[in-house]
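# Notes for the structure review
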Amino acid sequence: MMEPQDNIEEDDTASAASSSPPPRSLPRQRVSLQKSSVCSRSYFMVVMVFFHVYIINVIALLLYVHYNNGSNTSTANRDFTSRDNSQKVTGPSDPQTSADSGFPRNMYLPRIEGIRVGHVQKVSLVPGKVHEMKTLSLKPLLFEIPGFLSDEECGVVVRLAQLKGLMESQVMVPEGQEDLNQQLNLSPEEIFNFLDLNQDGQLQPHEILTHSRVRDGIWLTSENLKEIYDGLKVDQDGNGLLSLEEFGRLRSDAFQRFLLQRGVERSQLVRNSRHTWLYQGQGAHQVLQDLRKRVTRLTRLPSSLVELSEPLQVVRYEQGGHYHAHHDSGPVYPETACTHTRLAANTTSPFQTSCRQSEEIKINISYNVTYNITQDKMYITVLFYLSNVEEGGETTFPVADNRTYEEASLIQNDVDLLDTRKHCDKGNLRVKPIKGTAVFWYNYLSDGRGWVGEQDEYSLHGGCVVTRGTKWVANNWINVDPDYQRQARYQHLVSQQQETQEQEELISELNTDQHIETHQDL
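Residues numbered from 1 in each chain as written. Predicted model: local features only at pLDDT ≥ 70, side-chain atom pairs only at ≥ 80, totals over all residues. Heavy atoms only, no water.

## Thoughts on the state of the cysteines
Taken as a whole, this structure holds 1 disulfide when the rule is applied. Shown here is the disulfide that connects cysteine 424 with cysteine 464, its sulfur atoms set 1.7 Å apart. Torsion about the S-S bond of the cysteine 424 and cysteine 464 cystine: about -60°, corresponding to left-handed handedness. Within this pair, whereas cysteine 424 is found in the loop between strand 20 (415–416) and strand 21 (429–431), its partner cysteine 464 is found in the loop between strand 25 (461–463) and strand 26 (466–468), the two being separated by 40 residues in sequence. (Disulfide = S-S within 2.5 Å. Helix = DSSP H or I, 4+ residues; strand = E, 2+ residues; numbered from the N terminus.)

## Overview of the sheet that holds strand 2 (residues 129–138)
Spatially, 1-2-3-22-16-27-10-9-4 is the arrangement adopted by the 9 strands of the open sheet, whose pairing is antiparallel. Unpaired on one side and paired on the other, strand 1 (120–126) and strand 4 (167–168) mark the two borders of the sheet. Pairing analysis gives 5 bridges linking strand 10 (residues 312–317) to strand 27 (residues 471–479), with the strands arranged antiparallel. Residue pairing for strand 27: tyrosine 317 is matched across the bridge by lysine 471. (Pairing = 2+ DSSP bridges.)

## So, the packing of aromatic side chains
Evaluated as defined, the whole model comprises 9 aromatic pairs. With a centroid separation of 5.2 Å and an interplanar angle of 25°, the aromatic rings of phenylalanine 143 and phenylalanine 440 are classed as stacked. Of this pair, phenylalanine 143 sits in strand 3 (residues 141–145) while phenylalanine 440 sits in strand 22 (residues 438–442), and the two are 297 residues apart along the sequence. Residue classification places phenylalanine 143 among the buried residues on the basis of a relative accessible area of 0%. A relative accessible area of 0% means that phenylalanine 440 is categorised as buried. Of the aromatic side chains, those joined through ring pairs into one cluster are Phe143, Tyr379, Phe440 and Tyr442. One cation-aromatic arrangement involves arginine 105 over tyrosine 484; the distance from NZ or CZ to the ring centre is 4.6 Å. We note arginine 294 situated over the ring of phenylalanine 148; from NZ or CZ to the ring centre the distance is 5.8 Å. (Phe/Tyr/Trp six-rings, centres within 6.5 Å; stacked < 30°, edge-to-face > 60°. Buried < 20%, exposed > 50% of the residue type's maximum accessible area, 1.4 Å probe, protein only. Lys NZ or Arg CZ within 6 Å of the ring centre and 35° of its normal.)

## A word on the environment of arginine 262
Mapped onto the elements of the fold, arginine 262 is located in helix 11 (residues 254–262). Residue class for arginine 262 comes out partly exposed when judged on its relative accessible area of 34%. Sequence separation of arginine 262 and isoleucine 228 is 34 residues, and the distance between their C-alpha atoms is 9.8 Å. Here arginine 262 is in contact with Asn224, Glu227 and Gln268, once residues within four sequence places are set aside. (Contact = heavy atoms within 4.5 Å.)

## Looking at the confidence of the model for the chain
Of all residues in the chain, 68% have pLDDT values of 70 or greater, and the mean over the chain is 77. Across residues 70–100, where pLDDT falls below 50, the model places 56 contacts with residues more than four positions away in sequence or in other chains. In the predicted structure, residues 339–376 sits below a pLDDT of 50 and forms 133 contacts with residues beyond four places in sequence or in another chain. (pLDDT = per-residue confidence, 0-100.)

## Examining the layout of surface pockets
The space that makes up the second largest pocket amounts to roughly 660 Å³. As for the second largest pocket, its lining consists of 21 residues, and the residues nearest its centre are Tyr279, Gly281, Gln282, Glu307 and Gln498. Of all the secondary structure elements, the ones that give two or more residues to the lining of the second largest pocket are helix 13 (303–307), strand 27 and helix 15 (484–521). With 6 residues, helix 15 is the largest single contributor of residues to the lining of the second largest pocket. Of the residues that constitute the lining of the second largest pocket, the class distribution is 7 nonpolar, 8 polar and 6 charged. (1 Å grid on protein atoms, 1.4 Å probe; cavity = no way out; pocket = protein on both sides within 12 Å on 5 of 7 lines; lining within 4 Å. Points joined across faces, edges and corners; volume = space filled by probe spheres on them. Nonpolar A, V, L, I, M, F, W, Y, C, P; charged D, E, K, R; others polar.)

What follows is the structure in structure tokens.
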């Protein structure tokens, strides 16, 4: 009877349990995400991407500067007269010119990066010594290297120049000038239009002073022009300007005759100094040979270019000596060729000039005023100071790092930036002569293909007047023909001649040895 009761209690419990309401389910809890953490993570990723890009650009820039500063100097020094097309080309190729001439572009002209004004680079020019090279300007690209020569080396160069003998850097009346008037057939109107730059129908003093000079090298000033106008009674209205009618009254030799009658002092010349040339090749004094090797390392140019450039020029400026502002090299004209490379190329050119010395093609525009068309191709100028100067004698760069270059602005408000006797202190940059220091600059820009480009007009420079003491300097000019093929052909011919000479010397030595052996046998 008990078991049924137990069953009833269990059923009651079960029914009670089944009749009770079901338990409520707990609500889902949502995880709140903070938006600020997501943004921070995205911002961090963007920053890291830009940081890596910046690092990559910096590394690429450093590699570019290192490459242009001569990491491939040994490749550039390779003899580029080789005709082997399988050689590695170090410069930008020019398939058309290579195919036409047979001389591939396997050489280029490296340029040192200036970085910024005041930047100092370490350069190794001699064993066991490191020189510092400081950037003085970027227009032109100009550097200064203190201690380039020792005091002993400076003394040797000066004594060698004294033993050789110095000549006047500029004679009073150059020879061979009288026939120029007969070679040109220019009317007064053509000459006038040639000088009248702004074509306003009047010749202003700066138009004559900036672009012309008397053929005997006298440095004309505004005062000189006024004196000439008054003496020749050509400026009738006295306004300092010459009209075409007034200009036409001048005889062809009027300026020349007036200046010769008036008399000219050396201080009135474009250049007042004495100079000589010292050979630096095989057999020369060891100091001169070492100096040329040092220049090759400094400029990082192929040694063949440096060796075939002109000898070392040594110049002495006495008290009162000067050199008015000028360009060492003239603009590039396609129709003008260097004499030596033209002969090697077996080509003709309406204008020819020597690339070994600063020789000018002068268009004598009658009335004894000449306009200079220079084609000197002095790619680099290296200037050495061989002595200290008590006072004056700085090297001035009147328009260095100017924003613009305009010839008309060189003479303004009675200030002639070209005049290194009166207005040397008005120039943008002056370099003090310190014994043993060297400065060098590029006279040309790059053409974008590793060769000579347009003239750097900002390379205008001059020698300030020496007011006390004596100034000794030396110049190495690196000559390059703007026409790559002409330069390559010339280098190739010189290389062939050198090989022929070496073979002849070797044969001569062998014959001498055989003669001695035969004599001993006898």
